[in-house]
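Coordinates in review
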Amino acid sequence: MAVKKMWGGRFNAVSPEFAQEFGASIDFDQAMAAEDIEGSIAHVTMLGDTGIVTKDEAATIKQGLQDLDAELQAGQLEFTVANEDIHMNIESLLTAKIGAVAGKLHTARSRNDQVATDFHLWVQHRLPEVTAALKKLQTVLLNLAETHVETILPGTTHLQHAQPISLGHYFMAYFNMLQRDVERFDFNMQHTSISPLGAAALAGTTFPIDRQETADLLGFQQVYTNSLDAVSDRDFAIEYLTNASVLMMHLSRLCEELVLWSSYEYQYIEMDDAYATGSSIMPQKKNPDYAELIRGKVGRVYGDLTGLLTVMKGLPLAYNKDMQEDKEGVFDATTTIMGSLHVMTGMLSTVHIKADNMHNAVKADFSNATELADYLAAKGLPFRQAHAIVGQLVLQGIQTNTPLQDMSLATLQSASALIGDDVYHDLDPVAAVERRQSLGGTGFDSVRQQVAAGKQLLGDAYASATVG
């Protein structure tokens, strides 16, 4: 006769092996083994403190769990599909170690609140790791911005040269994007740090448990106040995947520009050899493969988010087996975003900036046209009229291959008598950038203020990363 499952008292048949393998989750949820043991230690501590089990029983179970944790850290635990999931595997191993008293561990809880607790703990433990990696990348961006405050390049809209900007200003734009990512992940903790433990299967329990004690032992900030919600909620995981998706979108945008900038046509940057690859057939190639790979991995994380949203969209309360599909996407997204952040940090730390090429690109691109329009507007001409006059000069310049700053004063004055020889200062690309000192503008002093504010925002994280 086949050995029955721990839950198999009312069953007469055992599923065939292929079905057991299909239904088991141990292949992936063993990633939560440490959290499962952590949650069980808190639970049995509470059981002992409330007298639901004796102090001796609680001590025996707790010691057995601690021994299993030590074996887990040493890589000595082996899990089996026959025990389905990490919860049953840990309980089976505990029973083998301390005997039948291990069966008292599951008093006043269900796998429903147990798995929710493990999952909350797993995400809670990873959130600080994600934000720490984000701050390291922000530090690299701050350092690049500070170094390249006075490096100028064409700013673009529609990928067309628009106005000259500071390269430092460009890097600070991505710093700010990542700061919003940090804030989103920080807020994610508010909905992650809620304890489901004690909700049991869906309706709570008749045992006199102390849910606040287990929440405190596990470092949760709150306790779910509705047992149905406690075992059914995966909002925290959906928020996590949403945040991961936005983060990857930001990294992908940066990678797209790095790929363009490293091309022969741009030649703004060159990737360090450690973050580029060659071709198997074309000896001259130096491909920005790591940037391309980060850009490509965005699809994985978007898929992880869409997968979990799809799982949850039609589920009735409370727990359903569909929710076994909630974890793999979160595990995968975490691996993806952490790898992407580390690679991006290394890639930007070693990138070679070709400042001269960037500067040369703004000398003949008419991106100083707005400067001339602003110049005329400052002299009292309505901006719309100024815009039209400068547009005609740009057209003339394109036809004669003459940048605005290289046109004679007579040519400029033939378009408007308001133009004097002081216009050439305003048309200089460096002056054009330096003068834009409005709040958040690309002016050199403005960018330096942004960098200083960024350092203050990161605080100790910036200092430790810089020293490190």
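Residues numbered from 1 in each chain as written. Predicted model: local features only at pLDDT ≥ 70, side-chain atom pairs only at ≥ 80, totals over all residues. Heavy atoms only, no water.

Once that is clear, we can look at the packing of aromatic side chains. Per the stated rule, a full pass over the model turns up nine aromatic pairs. Aromatic side chains F119 and F236 sit 5.3 Å apart centroid to centroid with 70 degrees between the ring planes, which places their arrangement in the edge-to-face category. Residue F119 is found in helix α6 (residues 111-147), and its partner F236 is found in helix α10 (residues 235-261); the two are separated by 117 residues along the sequence. Connected via pairs of aromatic rings, a cluster forms that spans Y170, F171, Y174, W261, Y266 and Y268. K327 extends its terminal NZ or CZ atom over the ring of F119, reaching a point 5.8 Å from the ring centre. (Phe/Tyr/Trp six-rings, centres within 6.5 Å; stacked < 30°, edge-to-face > 60°. Helix = DSSP H or I, 4+ residues; strand = E, 2+ residues; numbered from the N terminus. Lys NZ or Arg CZ within 6 Å of the ring centre and 35° of its normal.)

Its location among the elements puts S416 in the loop between α16 (409-415) and α17 (423-427). Residue S416 is classed as buried on the basis of its relative accessible area, which comes to 8%. Not counting chain neighbours up to four residues away, the residues in contact with S416 comprise L376 and I389. (Buried < 20%, exposed > 50% of the residue type's maximum accessible area, 1.4 Å probe, protein only. Contact = heavy atoms within 4.5 Å.)

The next point concerns the environment of K379. Assignment of secondary structure puts K379 in the loop between α14 (369-378) and α15 (383-400). The residues contacting K379, other than those within four sequence positions of it, are L418 and D422.

All right, on to the UniProt feature "domain: Argininosuccinate lyase C-terminal" (unreviewed entry) in the chain then. Mapped onto the present numbering, the UniProt feature "domain: Argininosuccinate lyase C-terminal" (unreviewed entry) falls on residues 366-434. The distance from the first to the last C-alpha atom of residues 366-434 is 17 Å, and the span holds 67% helix and 0% strand. (UniProt positions renumbered as here; feature names shortened; annotations may be inferred.)

This part takes up the pairing of strand β1 (residues 152-157). The pairing of β1 with strand β2 (residues 160-166) spans six bridges and is classified as antiparallel. By the bridge assignment, L153 is partnered in β2 with I165. (Pairing = 2+ DSSP bridges.)

Attention now moves to helix α19 (residues 444-458). The terminal C-alpha atoms of α19, which comprises 15 residues, lie 21 Å apart, in line with the 21 Å expected from a rise of 1.5 Å per residue. Within α19, burial applies to F444, S446, V447, Q450, V451, G454 and L458. Each buried residue of α19 lies within a common arc of 160 degrees when the element is viewed along its axis, so the set occupies one face. Turned more than 90 degrees off the buried face of α19, the exposed positions are Q449 and Q456. At the C-terminal side of α19, G459 shows a positive phi close to 55 degrees. (Expected span 1.5 Å × (residues − 1). Arc of directions from axis to C-beta.)

Among the nonpolar cores identified, the biggest contains 84 residues, and F185, Y240, L251, I269, I337, M344 and L348 are the most heavily contacted of them. Looking at which domains feed residues into this core, each of domain 2 (112-360) and domain 3 (362-466) gives three or more. Sequence-distant contacts of I337, that is, excluding residues within four places in its chain, are made with V130, F185, Y240, A244, L247, M248 and V301. In this structure, I26, L72, I86 and A108 belong to the second largest nonpolar core, which totals 22 residues. (Core = buried A, V, L, I, M, F, W, Y, C linked by side-chain atoms within 4.5 Å. Domains from an automatic or database assignment.)

Among the structural elements, T45 can be located in helix α3 (residues 33-49). By relative accessible area, which is 18% here, T45 ends up buried. One polar contact links the side chain of T45 to the main-chain carbonyl oxygen of I41, over a distance of 2.7 Å. The contacts of T45, once residues within four sequence positions are left out, are K62, E213 and L217. (Polar contact = N/O pair within 3.5 Å; in protein donor to acceptor, adjacent residues only side chain to side chain.)

Along the chain, D422 falls in the loop between α16 and α17. D422 sits in the partly exposed class, given a relative accessible area of 39%. Residues D422 and T139, 283 residues apart in the sequence, show an inter-C-alpha distance of 40 Å. Not counting residues up to four positions away in its chain, the partners in contact with D422 are Y375 and K379.

By the definition in use, this model includes 21 salt bridges. When the shortest N-O distance is used, the salt bridge between E84 and R111 registers 3.0 Å. One end of the pair, E84, is in the loop between α4 (55-73) and α5 (86-98); the other, R111, is in helix α6, with 27 residues separating them in the sequence. Notably, a salt bridge pairs D181 with R184, separated by 3.1 Å at the nearest N-O pair. Taken together, the positions of D181 and R184, both in helix α7 (residues 167-192) and three residues apart, correspond to about one turn of that helix. Several salt bridges share partner residues, and in doing so they unite E371, D374, D426, R435 and R436 into one network. (Salt bridge = Lys/Arg side-chain N within 4 Å of Asp/Glu carboxyl O.)

Together, L202, L228 and L317 line one region of the surface with nonpolar side chains, adding up to about 260 Å² of accessible area. Among the secondary structure elements, L202 is positioned in the loop between β3 (194-195) and α8 (211-217). (Patch = residues over 30% accessible without salt bridge, like charges linked within 9 Å, V, L, I, M, F, W, Y side chains within 5 Å. Areas by Shrake-Rupley, 256 points an atom, 1.4 Å probe, with all protein chains shown as cover.)

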